[in-house]
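Listed here are the chains, written in short residue letters.
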Amino acid sequence: MRDHSLLQSLFDRKSVRAFTDRPVPDEIRHLIIDAGIQAPSAGNQQLYTILDIDDQAIKDRLAELCDHQPFVARAPFVLVFLADTRRWLDAYRAAGLAVRDPGPGDLLLACADALIAAQNMVAAASLLGLGSCYIGDVLENREEMTELLGLDPLVLPVTLLVFGYPAPEQAARAKPPRPRREYLVQKNRYTPRTGAELRALHGELNPGEDYDSWMAAFCERKYMSGFAREMNRSAGEYLKAFYSAPGP
């Protein structure tokens, strides 16, 4: 009989933002990280670097720079995933090769590598009884983040993950519903969803909620928010290095 524990953990997994005081042992940390390293990677290049943050002062600052989220500072295990287009560039040059500078395509591959590795770690942590939460706000505040983490212009933070043993209220909290596959999967070619389809989806996920008022509030809180605007500004600054850098 097949073991479906991993599959079930993917269905059960939810973001956890409050943890117990129980420390995460080094052997569990290493196992989670090693699981990430086993993830698929473009050309087996592992186009990422992972920062294991155990300096409390850095964690405190990350919590502020990532849209003022105190639970980041309180998490026992914090990893920052960097899309790293510098490492292979330096390896090529160490071999005496004349090569081009990284461009947007190289950056997108590095982002994909980093995020695939991160998701491997999330799945591994869930099987080991740990909760986790992605923090996309690590893209904000490019100038301060670069100084804090010592980032190179060709290296940018693509996500941050916090891990820990879930607090009881987090363990008991219901997972938000996900859309049915019919809303997310299309055959062969992309077709934008109609307004009627989007309203129907909202009704399934948020029964009893008025579409227009709910959408207005959500848009203001997320898409039009100050942190979203700052993230776009900051991301644009990171991208300049990949559009304006000179060739070899």
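Bear in mind that the values here come from a model prediction, so they are computed numbers and not experimental data. (Residues numbered from 1 in each chain as written. Predicted model: local features only at pLDDT ≥ 70, side-chain atom pairs only at ≥ 80, totals over all residues. Heavy atoms only, no water.)

Participant: An account of the sheet that holds strand β3 (residues 131-135) is needed here, citing residue identities and associated values.
Facilitator: With antiparallel pairing, the four strands of this open sheet are ordered in space as β1-β2-β4-β3. Either end of the sheet is taken by a strand with one partner, and the two such strands are β1 (48-53) and β3. Within this sheet the neighbouring strands show an average axis-to-axis angle of 25°, counted without direction. Relative to strand β4 (residues 155-164), β3 runs antiparallel, the two sharing five bridges. Looking across to β4, one finds that C133 is bridged to V162. Sheet strands touched by helix α3 (residues 56-65): β1, β2 (77-84) and β4. Its angle to β1, the strand with the most contacts, is close to 110°. (Pairing = 2+ DSSP bridges. Helix = DSSP H or I, 4+ residues; strand = E, 2+ residues; numbered from the N terminus. Axes fitted to C-alpha atoms, helices over the stretch in contact; angles between N-to-C directions. Contact = heavy atoms within 4.5 Å.)

Participant: Before we move on, can you summarise the side chain of D137 with the specific residues and values?
Facilitator: The residue D137 is located in the loop between β3 and α7 (142-149) in this model. Although D137 lies buried, it forms no salt bridge, and the closest oppositely charged side chain, K222, sits 7.1 Å away as judged by the N-O distance. Within polar-contact distance, the side chain of D137 engages the side chain of Q69 at 3.0 Å. When residues no more than four places from it in sequence are discounted, the contact partners of D137 are L65, C66, D67, Q69, F227 and M231. (Buried < 20%, exposed > 50% of the residue type's maximum accessible area, 1.4 Å probe, protein only. Lys, Arg positive; Asp, Glu negative; His and termini not counted. Salt bridge = Lys/Arg side-chain N within 4 Å of Asp/Glu carboxyl O. Polar contact = N/O pair within 3.5 Å; in protein donor to acceptor, adjacent residues only side chain to side chain.)

Participant: Any chance you could break down helix α6 (residues 104-127) for me, citing the residues and the numbers?
Facilitator: If you check α6, its first and last C-alpha atoms are 35 Å apart, about what 24 residues at 1.5 Å a residue would give, namely 34 Å. Here α6 has its buried residues at L107, A110, C111, D113, A114, A117, A118, M121, V122, A123, A124 and A125. A positive phi of about 90° marks G129, the residue just after α6. (Expected span 1.5 Å × (residues − 1).)

Participant: Which residues make up a nonpolar patch on the surface, and what values do they have?
Facilitator: The grouping of L6, L7, L10, F11, L31, L127 and L128 at the surface amounts to a nonpolar patch, some 650 Å² of accessible area in total. Classification of L7 as partly exposed rests on a relative accessible area of 46%. (Patch = residues over 30% accessible without salt bridge, like charges linked within 9 Å, V, L, I, M, F, W, Y side chains within 5 Å. Areas by Shrake-Rupley, 256 points an atom, 1.4 Å probe, with all protein chains shown as cover.)

Participant: Got a sec to walk through the environment of K240? Specific residues and values, please.
Facilitator: Looking at the element boundaries, K240 is found in helix α12 (residues 226-244). For K240, a relative accessible area of 46% gives the class partly exposed. Residues K240 and A83, 157 residues apart in the sequence, show an inter-C-alpha distance of 15 Å.

Participant: Just give me the short version of unusual backbone geometry, but keep the residues and values in it.
Facilitator: Look at Q46: it is not a glycine, yet its phi comes out positive at around 50°. Residue position: Q46 is located in the loop between α2 (26-37) and β1. Unlike most non-glycine residues, N141 shows phi in positive territory, near 55°. Counting through the fold element by element, N141 comes out in the loop between β3 and α7. Assessed through its relative accessible area of 18%, N141 is described here as buried.

Participant: Describe the pattern of salt bridges, listing the residues and the values that go with them.
Facilitator: In the structure shown here, the tally under the stated rule is eleven salt bridges. The closest approach of N and O atoms between R233 and E143, which form a salt bridge, is 2.9 Å. Taken together, the positions of R233 in helix α12 and E143 in helix α7 put the pair 90 residues apart, joining distant regions of the chain. Accessibility expressed as a relative area gives 34% for R233, which makes it partly exposed. A residue is classified by how much of its surface remains accessible, and E143, at 36% relative accessible area, is partly exposed. A salt bridge links K240 to E237, with the shortest nitrogen-to-oxygen separation between them at 2.8 Å. Pair noted here: K240 and E237 are both in helix α12, with a separation of three residues, about one helical turn. For E237, a relative accessible area of 22% gives the class partly exposed. A cluster of three or more residues bridged by salt bridges with shared partners is formed by R86, D90 and D152.

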